[in-house]
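Okay, here's what each chain looks like letter by letter:
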Amino acid sequence: MVHALRRATDLVTPRGLLIDLHPTPDIAHLAIVFPDGTAETIGIVHSDTAVERHTNADAAVAAALTEGFVWRERADIFLFSRYCDSLDELVAYVETKWTAWFDTVALDKARNQLRPGCQLRLSERVSISALRRATSRE
Amino acid sequence: MAIVHDPEQAELAAIHAVLPSFAGKRVLEVGCGDGRLTRHYSAEAAAVTAIDPDAKAIDDARVALSDLRVSLDATGFDQYIAPPASYDVVILSWSL
């Protein structure tokens, strides 16, 4: 992954900007949002690979900074949410796009509590880094 | 109802916090998927190249971004070839 950052750095102009966005290793959460705007977390997303993959992405950015070919101008973490009123659609999305799944307890809660006007919300934390070439400081 | 991504536009706000304007920028987006993020800045940028190894996603992006001048390429970053220092901005879009 640090190789990708190095390649990306080579492609930007000396004063250019490299923006990296990737999920943090924190586990994504499933919630029901009720018509009055309140929400209840009902479960998490299970994945065999997500935590490792996102940890590796964090490590790649850290390695790039340590190796010194970029410096970080700014970093932040934000919450990225997806909404859907169909449990089946969200389950299919998570299975196909994330190779992940919800546990039985979360699915049961969703089926029991999902009513017209409610939405399912799938949220994950995302890291953003603004990186610049080390040469931009010269 | 399809899945609605980030209606709060938290991602866009985070990007604008690090880069307030794409005006005049030559941009490469790596991992553009169906162009969900690309759409938000491409009208403002001088030129946009967006790549993704998922050919189906690139097909979707061609439809979604048909009204915008975006060069789309179904390729992975490892295979993508461009001269050094070709872009003012490179976005690694959930692709590390």
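Before any of the text, the structure's been laid out above.
Residues numbered from 1 in each chain as written. Chains lettered and ligands numbered in written order. Predicted model: local features only at pLDDT ≥ 70, side-chain atom pairs only at ≥ 80, totals over all residues. Heavy atoms only, no water.

1. Brief notes about the interface of chain B and chain A
Then, in step 1: The partner chain A presents 39 residues to the 37 residues of chain B that form the contact.
Then, in step 2: Both faces combined, the contact of chain B with chain A buries some 3,200 Å², and carbon together with sulfur accounts for 66% of it.
Then, in step 3: Counting every contact that joins chain B to chain A gives 17 residue pairs in polar contact (both at pLDDT 80 or more).
Then, in step 4: Of all elements in the fold, only β1 (4–5), α1 (10–18), β2 (26–30) and β5 (87–93) of chain B reach the threshold of two or more residues within the side of chain B that touches chain A.
Then, in step 5: By residue number, the principal contributor to the side of chain B that touches chain A is β5(B), which donates 7 residues.
Then, in step 6: Per-class residue counts for the side of chain B that touches chain A are 26 nonpolar, 4 polar and 7 charged.
Then, in step 7: Pairing of strand β4 (residues 70–84) of chain A with β1(B) involves 2 bridges; the strand directions are antiparallel. (Contact = heavy atoms within 4.5 Å. Buried area = accessible area lost by both parts, 1.4 Å probe. Polar contact = N/O pair within 3.5 Å; in protein donor to acceptor, adjacent residues only side chain to side chain. Helix = DSSP H or I, 4+ residues; strand = E, 2+ residues; numbered from the N terminus. Nonpolar A, V, L, I, M, F, W, Y, C, P; charged D, E, K, R; others polar. Pairing = 2+ DSSP bridges.)

2. Things to note about the pairing of strand β4 (residues 70–73) of chain B
Then, in step 1: Every second residue of β4(B) is oriented toward a common face, the buried set being V70(B) and L72(B) and the non-buried set S71(B) and D73(B).
Then, in step 2: Read from strand β3 (residues 47–51) of chain B through helix α3 (residues 55–64) of chain B to β4(B), the crossover connection turns out right-handed. (Buried < 20%, exposed > 50% of the residue type's maximum accessible area, 1.4 Å probe, protein only. Right-handed = clockwise from strand over helix to strand, strands pointing away.)

3. Concerning α3(B)
All names here are of chain B.
Then, in step 1: By the burial criterion, the buried members of α3 are A57, I58 and A61. The arc enclosing the buried residues of α3, seen along the axis, measures out at 100 degrees, which places them on a common side. Seen from the buried face of α3, the exposed residues on the opposite side, beyond 90 degrees, are K56 and V63.
Then, in step 2: On its buried side, α3 packs onto β3 and β4.
Then, in step 3: Structurally, the start of α3 carries an N-cap: the backbone nitrogen of K56 is 3.0 Å from a side-chain oxygen of D54. (Arc of directions from axis to C-beta.)

4. Comments concerning the pattern of salt bridges
All names here are of chain A.
Then, in step 1: Taken as a whole, this structure holds 9 salt bridges over all chains when the rule is applied.
Then, in step 2: Between R125 and D26 there is a salt bridge; the shortest N-O distance is 2.9 Å. Residue R125 is located in strand β6 (residues 119–133), and its partner D26 is located in the loop between β1 (12–23) and β2 (29–33); the two are separated by 99 residues in the primary sequence.
Then, in step 3: A relative accessible area of 40% places D26 in the partly exposed class.
Then, in step 4: A salt bridge links R132 to E73; its shortest N-O distance comes to 2.8 Å. A residue pair is termed long-range when its members are at least 10 positions apart, and R132 in strand β6 and E73 in strand β4 qualify at 59 residues.
Then, in step 5: Looking at R132, the relative accessible area reads 17%, which means it is buried. (Salt bridge = Lys/Arg side-chain N within 4 Å of Asp/Glu carboxyl O.)

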